[in-house]
Amino acid sequence: MQRILLTGATGLIGGAVLHQALGRDEDVTWVCLVRCTSVEQGRQRVAARLARFTDPFTAQRLVRKIEIVPGDFTRADLDMDPRLDACTHVLHLAADTSWWGGERVFRTNHDGTLALARRAQAMAGLQRFLHVGTAMICGAAAPSLVEETAYPAADAEHIVGYTESKAATETSLAALFPDLPIVIARPSIVVGHSTLGAAPSSSILWVLRAADALRMLPCDPESCVDIVPADWVAETLIGLLKKPDLKHDLYHLSSGTAGRTRWADVIAAFEKAAPSDGVRAFQRFDLDRDRSALRKRFTEVFGLGDASMRAMLRATRAYYAFCALDLTFANDRLLAEGFDRASSLASYLPVCLANSGAITEQFADDIEMFASIPPCPALPTDMPLAAFA
Ligand SMILES: NC(=O)c1ccc[n+]([C@@H]2O[C@H](COP(=O)([O-])OP(=O)(O)OC[C@H]3O[C@@H](n4cnc5c(N)ncnc54)[C@H](OP(=O)(O)O)[C@@H]3O)[C@@H](O)[C@H]2O)c1
């Protein structure tokens, strides 16, 4: 009997994991560490997330299968709940994914993960501690094909503090917990669901749609972006968690060179879904030099009237900075383990577009990541990204 401690069950990938795992009749108990004031409130928080993957009745049925442990992973080392002791596996997804949360993000992601690892040391039957990082710890100056072993690197040029905190976490886990069976999984960029489209989350999908609406790209349309769907990430994490023997202790969960997405293919998919002139010409612009051009175009297309739209402009510019990096994350290790390839974005983008609402409403799925900057009207939206890092 396996007992899997899951953190981050109320988040996008946590929901995708539970949606897939709880649908199967397996001899596994999922123990979810959830921030809540009571077990029932925690259950309903997880049910709300599951209801984005299925109907509310099925979500309620599935959520009855899990054990809820109310708690905060950043204080897990102080949590003596005996239900944690018997866990055989840990899937650590929880994180503060805010890009500009500063010290708070570091305390949660780095210090909090070390607290969870200390708690895991008391799990006598622990077989695997699967820590979910991010492939973006490579920073902005990485080569276009990123290998797992090259990072974390002390000289990586982080665009945001979030990736820096994830890099430091990996370094500290390796240095301080050689006794734990730690495996690191680093997803690339998670967008949509290959069959449910935008229903589970519009995170980052809105950025692609905003770029399409703006008809502006900060990079060559022949350059690539490494995007994978949430359901594939979930399936692969469950596989990495349970596979008895793994050849490595570090894996990218990425599309790799065969499955990466050319911007030209994204543009073609948009043209197919919503035909325009057949050409769909995009203006190439420079993120630093042409800030005012982006702001002007954004104002024309979306308006810039309220704080949420100003946040959306800042978020668009920030995501553009990542999109322009032209990075592909090697996935040879994952394929050699026998895992399936991810569907390419171009193949499932039509499903995502088919059940998408307004772009500005979809931004709501990411607004918390950008909420750390006070919605101050005086804040210049053309402030360089580094100022927020
Ligand atoms: N989505 C991507 O594109 C992507 C790409 C690469 C890597 N990743 C990594 O994958 C993981 C999951 O990402 P996601 O997109 O699913 O994130 P998400 O939707 O933002 O969810 C974050 C989860 O972490 C939980 N959490 C945060 N602080 C917590 C705390 N102190 N105690 C307990 N739970 C806490 C949240 O719980 P509450 O509901 O209580 O806030 C929520 O369940 C993260 O580690 C992220 O860095 C994501």
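Residues numbered from 1 in each chain as written. Predicted model: local features only at pLDDT ≥ 70, side-chain atom pairs only at ≥ 80, totals over all residues. Heavy atoms only, no water.

It is worth spelling out the overall build of the protein chain at this point. The number of helices and strands found in the protein chain is 15 helices and 15 strands. A compact globule built from 389 residues would reach a C-alpha radius of gyration of about 21 Å, and the protein chain, at 20 Å, matches this within 12%. Considering only C-alpha atoms, the protein chain reaches an extent of 60 × 45 × 45 Å along its principal axes. Counting only residues that meet the buried cut, the protein chain has 57% of its 389 residues in that class. Long-range pairs, those at least 24 residues apart, make up 83% of the contacts in the protein chain with a sequence separation of at least 6. Element-wise, carbon and sulfur atoms account for 53% of the exposed surface of the protein chain, whose accessible area totals about 15,700 Å². Taken as two groups, the 39 positive and 46 negative side-chain charges of the protein chain have centres that lie 4 Å from each other. (Helix = DSSP H or I, 4+ residues; strand = E, 2+ residues; numbered from the N terminus. Rg over C-alpha atoms; globule rule 2.2 N^0.38 Å. Buried < 20%, exposed > 50% of the residue type's maximum accessible area, 1.4 Å probe, protein only. Contact = heavy atoms within 4.5 Å. Areas by Shrake-Rupley, 256 points an atom, 1.4 Å probe, with all protein chains shown as cover. Lys, Arg positive; Asp, Glu negative; His and termini not counted. Charge placed at Lys NZ, Arg CZ, Asp CG, Glu CD.)

We now examine the side chain of His158. Assignment of secondary structure puts His158 in the loop between β6 (145-146) and α6 (161-176). Here the side chain of His158 touches Thr163 through a polar contact of 2.9 Å, side chain to side chain. (Polar contact = N/O pair within 3.5 Å; in protein donor to acceptor, adjacent residues only side chain to side chain.)

As a further point, take the domain arrangement of the protein chain. Splitting the protein chain by domain gives domain 1 (2-202 + 224-259) and domain 2 (206-219 + 262-325 + 345-388). Using C-alpha coordinates to define each centre, domain 1 is positioned 27 Å away from domain 2. Taken together, the 28 residues of domain 1 in the interface contact 26 residues of domain 2. Interface of domain 1 and domain 2: buried area, both sides summed, is about 2,400 Å²; carbon and sulfur atoms make up 69% of it. Among the residues domain 1 hides against domain 2, the three largest losses belong to Trp99, Trp100 and Ile159. Together they make up 35% of the total. Taken together, the connections running from domain 1 to domain 2 amount to one salt bridge. Here Asp365 ties to Arg52 by a salt bridge, and the two come within 3.1 Å at their closest N and O atoms. Here domain 1 is connected to domain 2 by eight residue pairs in polar contact (both at pLDDT 80 or more). For the side of domain 1 that touches domain 2, the elements supplying multiple residues, two or more each, are β10 (224-225) and β11 (227-228). Considering only residue class, the side of domain 1 that touches domain 2 consists of 15 nonpolar, 11 polar and two charged. (Domains from an automatic or database assignment. Buried area = accessible area lost by both parts, 1.4 Å probe. Salt bridge = Lys/Arg side-chain N within 4 Å of Asp/Glu carboxyl O. Nonpolar A, V, L, I, M, F, W, Y, C, P; charged D, E, K, R; others polar.)

Bringing the packing of helix α5 (residues 103-120) against α6 into the picture now. Relative to each other, α5 and α6 sit at 25°, their axes nearing to 8 Å. One way to sum up the angle between α5 and α6 is to call them roughly parallel. Viewed along their axes, α5 and α6 form a crossing whose handedness is right-handed. Here Val105, Phe106, Asn109, His110, Thr113, Leu114 and Ala117 of α5 lie close against α6, whose contacting residues are Tyr162, Ser165, Lys166, Ala168, Thr169, Ser172, Leu173 and Leu176. (Axes fitted to C-alpha atoms, helices over the stretch in contact; angles between N-to-C directions. Parallel < 35°, antiparallel > 145°, perpendicular 65-115°, else oblique. Left-handed = near helix turned anticlockwise from the far one by under 90°.)

Around the ligand sit 23 residues in total, of which Thr10, Arg45, Asp72, Tyr162 and Lys166 are the nearest. Gly8 has a polar backbone atom sitting 3.5 Å from an oxygen atom of the ligand. In this structure, an oxygen atom belonging to the ligand sits 2.5 Å away from a side-chain N or O atom of Thr10. Against a free-state accessible area of 900 Å², the protein chains account for coverage of 86% of the ligand. Those elements that provide at least two residues to the shell around the ligand are α1 (12-22) and α6. Among the residues making up the shell around the ligand, the classes are represented as 11 nonpolar, eight polar and four charged. (Near = heavy atom within 4 Å.)

Our next topic: the pattern of salt bridges. Counted according to the given criterion, the structure contains 21 salt bridges. The salt bridge partner of Glu222 is Arg262, with a shortest N-O separation of 2.6 Å. On the criterion of sequence distance, the pair formed by Glu222 in the loop between β9 (216-217) and β10 and Arg262 in strand β13 (residues 261-262) is long-range, its members being 40 residues apart. Linked by salt bridges that have partners in common, Asp212, Arg215, Glu271 and Arg280 make up one network.

The subject of this paragraph is empty space enclosed by the protein. Counting across every chain of the model gives four cavities of 30 Å³ or more. Size it by volume and the largest cavity reaches roughly 50 Å³. Every residue along the wall of the largest cavity is listed here: Met136, Ile189, Cys224, Val225, Asp226, Phe322, Cys323, Leu325, Asp326, Leu327 and Phe329. Put simply, the parts of the chain that give the lining of the largest cavity at least two residues each are β10 and α12 (307-323). (1 Å grid on protein atoms, 1.4 Å probe; cavity = no way out; pocket = protein on both sides within 12 Å on 5 of 7 lines; lining within 4 Å. Points joined across faces, edges and corners; volume = space filled by probe spheres on them.)

A few words on unusual backbone geometry. Residue Pro152 is reached from Tyr151 by a cis peptide bond, and omega for that bond is 5°. Mapping Pro152 onto the fold places it in the loop between β6 and α6. Positive phi outside glycine occurs at Ile204, with the angle close to 70°. Tracing the backbone through its elements, the reader meets Ile204 in the loop between β8 (189-190) and α7 (205-214). Residue class for Ile204 comes out buried when judged on its relative accessible area of 14%. Unlike most non-glycine residues, Arg215 shows phi in positive territory, near 55°.

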